[in-house]
Amino acid sequence: MKKNFWKKPYGAIALIMALVLGFAVNPSLAYFTDYTTAAGTAPVALEPSHTEIIEILNGLDKQIQIKNTGTSEAFVRLQIFYPALDNLDVKITAGAGWVWEEAENCWIYTEVLKPQASTTIVQVDVDETKAGSLTQDFQIVVVHESVQALYDGDHPDWNLSWSHGMEKGE
């Protein structure tokens, strides 16, 4: 006696699976073959900002500027560190555009720094009459950060630039 494959449940299950897979494959092929086109062009700068710090020493005093050496606009900020000594009197005078941000504990340059442009000077003055009695060496350490300026409409947005720049860990 000859056995018929289709009379057993295996044949019915195989047929149902073939039909289900046949219907499921067609939409997935559309995913891999679909395309779209766009017209026009827009320049996109994907370079991170490049800045360098310029420090000029005059005795114990220091003049600080930041120069944008990159090709894209940037926002910058800096921190100034020096030892907290009783006999050390340090005065920081920031030029136009710099503001002290207490929450971040840093100086923020509020203007967009254009390519090849420099910030105004931040002057660090050390009272040399008191500094002469120092019993140890000290340094004024300056750390700066920069991030590419992002735009919110037609205007560069400081908060948007820093939040996106810091998310990426740059």
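All values derive from a computational prediction rather than experimental measurement.

(A) Layout of the overall build of the protein. Along the backbone of the protein there are three helices and 10 strands. A buried classification covers 25% of the 170 residues belonging to the protein. Long-range contacts, defined here as pairs at least 24 residues apart, represent 68% of the contacts in the protein between residues at least 6 apart. Entry remark: accessible area of the protein is about 12,200 Å², with carbon and sulfur atoms responsible for 56%.

(B) Representation of the nonpolar core in the model. Core analysis: the largest hydrophobic core is formed by 17 residues, its most contacted members being Ile64, Leu78, Ile80 and Trp98. Within the residue set of this core, elements represented by two or more residues are strand E2 (61–68), strand E3 (74–81), strand E6 (106–113) and strand E7 (122–126). Beyond its immediate chain neighbours, meaning those up to four positions away, Ile64 contacts Ile53, Ile54, Leu78, Ile80, Thr120, Ile121, Val122, Val124 and Val142.

(C) Highlighting the pairing of strand E5 (residues 98–101). Bridge count for E5 against E6 is four bridges, and the pairing is antiparallel. Across the sheet, residue Trp98 finds its bridge partner in E6, namely Tyr109. Between the end of E5 and the start of E6, which pair antiparallel, lie four residues, with Asn105 showing a positive phi angle near 60°.

(D) A nonpolar patch on the surface, seen in detail. A cluster of nonpolar side chains, namely Phe81, Val141 and Val143, defines an oily patch on the protein surface of about 230 Å² accessible area. With respect to the element layout, Phe81 can be found in strand E3.

Parameters and conventions
Residues numbered from 1 in each chain as written. Predicted model: local features only at pLDDT ≥ 70, side-chain atom pairs only at ≥ 80, totals over all residues. Heavy atoms only, no water. Helix = DSSP H or I, 4+ residues; strand = E, 2+ residues; numbered from the N terminus. Buried < 20%, exposed > 50% of the residue type's maximum accessible area, 1.4 Å probe, protein only. Contact = heavy atoms within 4.5 Å. Areas by Shrake-Rupley, 256 points an atom, 1.4 Å probe, with all protein chains shown as cover. Core = buried A, V, L, I, M, F, W, Y, C linked by side-chain atoms within 4.5 Å. Pairing = 2+ DSSP bridges. Patch = residues over 30% accessible without salt bridge, like charges linked within 9 Å, V, L, I, M, F, W, Y side chains within 5 Å. Salt bridge = Lys/Arg side-chain N within 4 Å of Asp/Glu carboxyl O.

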